[in-house]
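Given next are the chains, with one letter for each unit.
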Amino acid sequence: MDMESASSVVLQALTQATSQDTALLKPAEEQLRQWETQPGFYSVLLNIFNNHMLDVNVRWLAVLYFKNGIDRYWRRVAPNALSEDEKTSLRAGLITNFNEPVNQIATQIAVLIAKVARLDCPRQWPELIPILLESVKGQDGLQQHRALLTFYHVTKTLASKRLAQDKRLFQDLASGIYSFACSLWSHHTDCFLQQVLAVDQAHALSSLERTLLSLKVLRKLTVHGFQEPQQNMEVMGFLNAVFERLKQFLECSKYPEKYFLEVHPCAFIPLIQRSLEFAVSYVFTAAGDGLIFERFTVQCMNLIKTIVKNEAYKPCKNIEDSKPESLEAHKIKTAFFTHPTLTEIGRRLVSHYFLLTKEELAMWEEDPEGFAVEETGGDSWKYSLRPCTEVLFLDIFHNYSQTLTPVLLEMVLNLQGPSNVEDPVQLLMKDAVYNAVGLAAYELFDNIDFDQWFNNQLLGELQVSHHRYKLIRRRVIWLIGQWISVKFKSELRPLLYEVILNLMQDPDLVTCQFLFLNVSSPVDDFEFRTEQFLPYLESIFSLLFQLLQQVTECDTKMQVLHVISCVIERVNIQIRPYVGCLVQYLPLLWKQSEEHNMLRCAILTTLVHLVQGLGAESKNLYLFLLPVIQLSTDVSQPPHVYLLEDGLELWLVTLENSPAITPELLRIFQNMSALLEMSSENLRTCFQIVNAYIYLSATDFLQNYAEGLCRSFCNLLKDITNEGQVQVLKVVEVALKVSPVLGAHMFQPLLPSVFRGIVDGERYPVVMSTYLGIMGRVLLQNASFFSSLLTQMASEYNQEIGQLLGGVIEMWVDRMDNITQPERRKLSSLALLSLLPSDNSALECMCSCVGCMYMLVHVCLSTCNYVCVFLSASCMLMSHFEEPKLTDDEEPPTEQDKRKKLLALEDPVHSVSLQQYVYEKLKAQQALMGDQGFGALMETVDTEIVRQLQEFLQGL
């Protein structure tokens, strides 16, 4: 590309590509895309974004195209890779000067230089680091900042490389520039502090930015640049200097101690004492009053937490097995965390950091739902001081519970009885203390009689109706939710349900949300009793539905839907009289949540439990349900990324509870082909869905989809694990079980490979067991198909039919122990016995083989013994279908369960007596061969086996 002529046309295309007019935008983008592989294109882009006279948007776009080109064409092996000559020219042009005036463009240039450095530095670009260091030393403020910005991004990128050789190169780099980086950080820190004292705000902000950039560089060098940092005096000197600087310079909150500690815990041991003294002093004593701010406090608490819970700092249970470093660290921690220190930390965490702030209380009044979302884990909550404080409290309480338990119990004791509603400080303190007791529920199990506390204290507080007491009512409900799975008598639950219903008169939305979000705690607990909950079901479900309609935040609706799902799951069919309103509302909610995929996931989960609760009545939801399944499982639709897993589960339970197939339900299976091609972690559920269709309507389903399904299975079997192979084969086995003739016909392309697996002696036992199950079905229930398959395979193996069949039987008997399921084992015995009697010369020849009759008899006897060990011989026989009698806690059978039981009535495994079948087959073979011939055949059988056979057949 000629540089002079190219510059103008590329500049014009970039200008048009920044236009809002699609008529100009689209052709320009296409033209730029075509130029990406043209020699000289990136040199033109470099000239354009380095020209500060051009439009900012055009220059910005030029940088982005250049940056994307690095990813695609910079590597030597890339298709249409840039030439080495052009790359050399571009590298030189990128570091000619560091004077970009626009911050956003400067950052992008720094990033793209770092991308090139990742690929070329230091081998092809040895001059990069020296030029950056020289530019950082310059006196020009803009050049110094841009070079330092680039230096940081290059260091960050090189530190992220993980190959051993790359790590060694970075360590060499770190040892060479560490001293300079330390002096650079110290210089900019001094400048900042001096400018703050001189009230030189403009220069102070500039120095602050340089200080943070140099500190970021040092963090990467310190954490990733030294294999044994504790042996390097400069590294340890810098880490100690951080504490001195922090006392002068608290705004520097991104200090690297925590990161260094996580990567090099042993190297950090000399700094444990100083780190704890510093963090605890500022966060938990008056030394930090007026100085600390939230982000700094979070960093300090994270540092303390990491030291407290670090496994490298804990001795083994057997002290003699502990490393010296662990013992040293433990000794330092023990010496620091004295009783007075822990008491002060515990008290201050609860009485200071757990208190709701004025801002939080104001938010409660102004936006109660927004406040509730934040309190229950909203996005901003995750990164705020409160969760950090609670996690630190839990870690310290867990590690030092003997010291802190009396402290917390004393705080509880001091707040006994109802609090004065006119005393906001007392109310806030009680809220904080109850929060601590809830968080530490498992640690306090032996120290608090919660049932007594509930009756004597908490129950009364829930009945205080004053508006200001809503703070305590909300916290008490949350507290009960925390303790209910720890220590709460089931006899008290009806009383709790009554309290919840009474409190629904509370007009405060926050309290209502906490009430119902905590309904899931007693409902979801393993000690839940349905009969206790049923008297309150209608009222609670109605109020849950009202709350679902009332709230507007997606997060809140998701939480309420979770509770609704828990209730439906627990009471199952008992929910049917009360779901009418919910069923009518969910289509509207689904439509409203079109842009909120996570809310739609919650709706799908609710629908799963709703379908399970409604059973066959869920067919009345198909008008809404089936389009939802269709959308959620269509991989061509963008929402499937979020909805697929829940959508597949809903699809499966819909099939399992469907009373009959419908054209619409059958049509959804068109989505399955693409799902099977994905071979994702949802493959098992996909196979379950296929099986459910077969059980529901084998004829309709197989006639419409078996051909495509068989192609998908053949492709899957080429590259799939043994476990995945078993899942595919089980689908074939189910099809043969439901419809032996149609199943064999539809899955005919797969059956030769099953036969080969048996003949060749498949080594994986579960696969072999499945092979035998499939072939057993074909042999027992579709003998004509087995005969044609045997003929085909005999031709393939170039063997006589009788010879091949004898080999199959021998392998079958030899691998009988691979079959662990009693039903499948009986199936194999019935299948092998079905070969008798036969006047077919080949089969007769096979049966006359010495040892074959012995094997058949032995298999039957071993199967009978095996079945009797695990099941009584009679329990595998079914003569009629009975509806099971269920307790309140048992789930009723699905429609698919009923279909399976009806199918079992026709299944030889459950309808034929093995004892009777053996007797009839042997008698028939005797009649065919005559007494003399049959007697000669039986002489080949071991006398002990004959005796067991006679005993087995006694009475027939």
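Refer to the structure printed above.
Just so it is clear, the model here is predicted, and its values are computed rather than measured.

Procedures and definitions
- Counting starts from 1 at the beginning of each chain's written sequence and moves along it residue by residue.
- Local features in a predicted model are, by the rule used here, given only for residues with pLDDT of at least 70; side-chain atom pairs are given and counted only at 80 or more, and totals for whole chains, interfaces and linings are based on all residues.
- Computation of side-chain values: all heavy atoms of the structure, hydrogens and water removed.
- Secondary structure is summarised from DSSP: a helix means a run of H or I of at least four residues, a strand means a run of E of at least two, and numbering begins at the N terminus for each.
- Note on classification: 1.4 Å probe, protein chains only; a residue is buried when its accessible area is under 20% of the maximum for its type, exposed when over 50%, partly exposed between these limits.
- Here, residues are in contact when the closest pair of their heavy atoms is within 4.5 Å.
- Surface accessibility follows the Shrake-Rupley procedure with a 1.4 Å probe radius. Residue values consider only the protein chains on display as shielding.
- By definition, a salt bridge exists where a carboxyl oxygen of Asp or Glu is found within 4 Å of a side-chain nitrogen of Lys or Arg.
- For patch building, the residue pool is restricted to those with more than 30% relative accessible area and no salt bridge; the joining distance is 9 Å between like charges and 5 Å between nonpolar side chains (Val, Leu, Ile, Met, Phe, Trp, Tyr).
- Note that His is not counted, nor are the chain ends; the positive residues are Lys and Arg, and the negative ones are Asp and Glu.
- In plain terms, the charge of a residue is placed at NZ if it is Lys, CZ if Arg, CG if Asp and CD if Glu.
- Residues belong to one nonpolar core when they are buried, are Ala, Val, Leu, Ile, Met, Phe, Trp, Tyr or Cys, and are joined through side-chain atoms within 4.5 Å.
- Centres within 6.5 Å make a pair out of two Phe, Tyr or Trp rings, where for Trp the six-membered ring is used; the pair is then stacked when the planes are under 30 degrees apart, edge-to-face when over 60, and tilted otherwise.
- Any Lys NZ or Arg CZ that is within 6 Å of a ring centre and within 35 degrees of that ring's normal is treated as a charge sitting over the ring.
- Here, expected helix span is obtained from the residue count minus one, scaled by 1.5 Å.
- Polar contacts, as used here, are pairs of N or O atoms within 3.5 Å; protein pairs need one atom able to donate a hydrogen and one able to accept it. Residues neighboring in sequence count only if both atoms are side-chain atoms.

Novice: Can you walk me through the overall build of the chain in this structure?
Specialist: The secondary structure content of the chain amounts to 49 helices and zero strands. Burial analysis of the chain (956 residues in total) assigns 53% to the buried set. Sequence separation of 24 or more characterises 74% of the internal contacts of the chain that already satisfy a separation of 6 or more. Counting only carbon and sulfur atoms, one obtains 51% of the accessible surface of the chain, whose full area is about 44000 Å².

Novice: I tried to follow the environment of L709 on my own but got confused; where do I start?
Specialist: Mapped onto the elements of the fold, L709 is located in helix α36 (residues 683–718). As for L709 and S673, which are separated by 36 residues in sequence, their C-alpha atoms are 7.2 Å apart.

Novice: Quick question: what am I supposed to make of the pattern of salt bridges here?
Specialist: A side chain of one charge can pair with a side chain of the opposite charge if their charged atoms are brought near each other. Under the counting rule described, the total for this entry stands at 26 salt bridges. Put simply, D431 and R475 hold a salt bridge, and the shortest N to O gap is 2.9 Å. Of this pair, D431 sits in helix α22 (residues 424–439) while R475 sits in helix α24 (residues 470–483); the two residues are 44 residues apart in sequence, bridging distant segments of the chain. Relative accessible area serves as the criterion here: at 0%, D431 is assigned to the buried category. A relative accessible area of 5% means that R475 is categorised as buried. Close ionic contact of D817 with R825 constitutes a salt bridge, the shortest N to O distance being 3.1 Å. With relative accessibility at 5%, the residue R825 sits in the buried group. Three or more residues joined by partner-sharing salt bridges are found here, namely R76, E84 and K87.

Novice: For this particular structure, what's the right way to read a positive patch on the surface?
Specialist: Positive charge collects at one region of the surface, where R75, R118, R162 and K167 lie side by side. Relative to the elements of secondary structure, R75 occurs in the loop between α4 (56–73) and α5 (84–94). With a relative accessible area of 49%, R75 lands in the partly exposed category.

Novice: Can you help me understand the nonpolar core in this one?
Specialist: Nonpolar side chains tend to gather and get buried jointly when the protein is soluble and globular. Within the largest apolar cluster, 159 residues are counted, with the highest numbers of intra-cluster contacts made by L14, F66, F284, I304, F393, V437 and F450. Ranked by residue count, the leading element in this core is helix α9 (residues 164–197), at 10 residues. In this structure F66 touches Y42, L45, L46, F49, L90, L94 and L112, once residues within four positions along its chain are discounted. Among the nonpolar cores identified, the runner-up in size contains 144 residues, and L561, M672, Y693 and V808 belong to it.

Novice: Can you walk me through the packing of aromatic side chains in this structure?
Specialist: The way to describe two aromatic rings as a pair is by their centre distance and the angle between their planes. What the rule picks out here adds up to 34 aromatic pairs. Considering the side-chain rings of Y42 and Y73, the 6.5 Å spacing of their centres and the 50° angle between planes classify their relative orientation as tilted. You can see Y42 sitting in helix α3 (residues 41–49) and its partner Y73 sitting in helix α4, a full 31 residues away along the chain. Considered together, Y42 and Y73 belong to a single accessibility category, that of buried residues. Where F669 meets Y693, the ring centres are 5.2 Å apart and the plane angle is 80°; that geometry is what we call edge-to-face. One end of the pair, F669, is in the loop between α34 (663–667) and α35 (672–678); the other, Y693, is in helix α36, and 24 residues separate them in sequence. Across the pair, Y693 and F669 agree in class, each one buried. Among the aromatic residues, those joined into a cluster by ring pairs are W35, F41, Y42, F49, F66 and Y73. In this arrangement the basic side chain of K487 is found over the ring face of F445, its NZ or CZ atom lying 4.9 Å from the centre. Positioned above the aromatic ring of W590 is the side chain of R600, whose terminal nitrogen or guanidinium carbon lies 4.1 Å from the ring centre.

Novice: Honestly, helix α29 (residues 554–571) in this entry has me stumped. Any pointers?
Specialist: Between its first and last C-alpha, α29 extends 26 Å over 18 residues, near the 26 Å set by a 1.5 Å rise per residue. For α29, the full list of buried residues reads T556, K557, V560, L561, V563, I564, S565, C566, V567, I568 and V571. In the stretch just after α29, N572 is the one whose phi turns positive, near 55°.

Novice: Sorry if this is basic, but what is going on with a negative patch on the surface here?
Specialist: Judged by side-chain charge, E366, D367, E553 and D555 come together as a negatively charged surface patch. Here D367 shows up in the loop between α17 (358–366) and α18 (368–375). For D367, a relative accessible area of 33% translates into the label partly exposed.

Novice: What is the right way to read the environment of D21 from this model?
Specialist: By the element assignment, D21 lies in the loop between α1 (3–17) and α2 (22–35). For D21, a relative accessible area of 39% gives the class partly exposed. Polar contacts involving the side chain of D21 include one to the main-chain amide nitrogen of A23, which spans 3.0 Å.

Novice: Even after reading the chapter, I still don't get a nonpolar patch on the surface, so can you show me in this structure?
Specialist: A cluster of nonpolar side chains, namely M598, V641 and Y642, defines an oily patch on the protein surface of about 330 Å² accessible area. Looking at the secondary structure, you find Y642 in helix α33 (residues 640–656).

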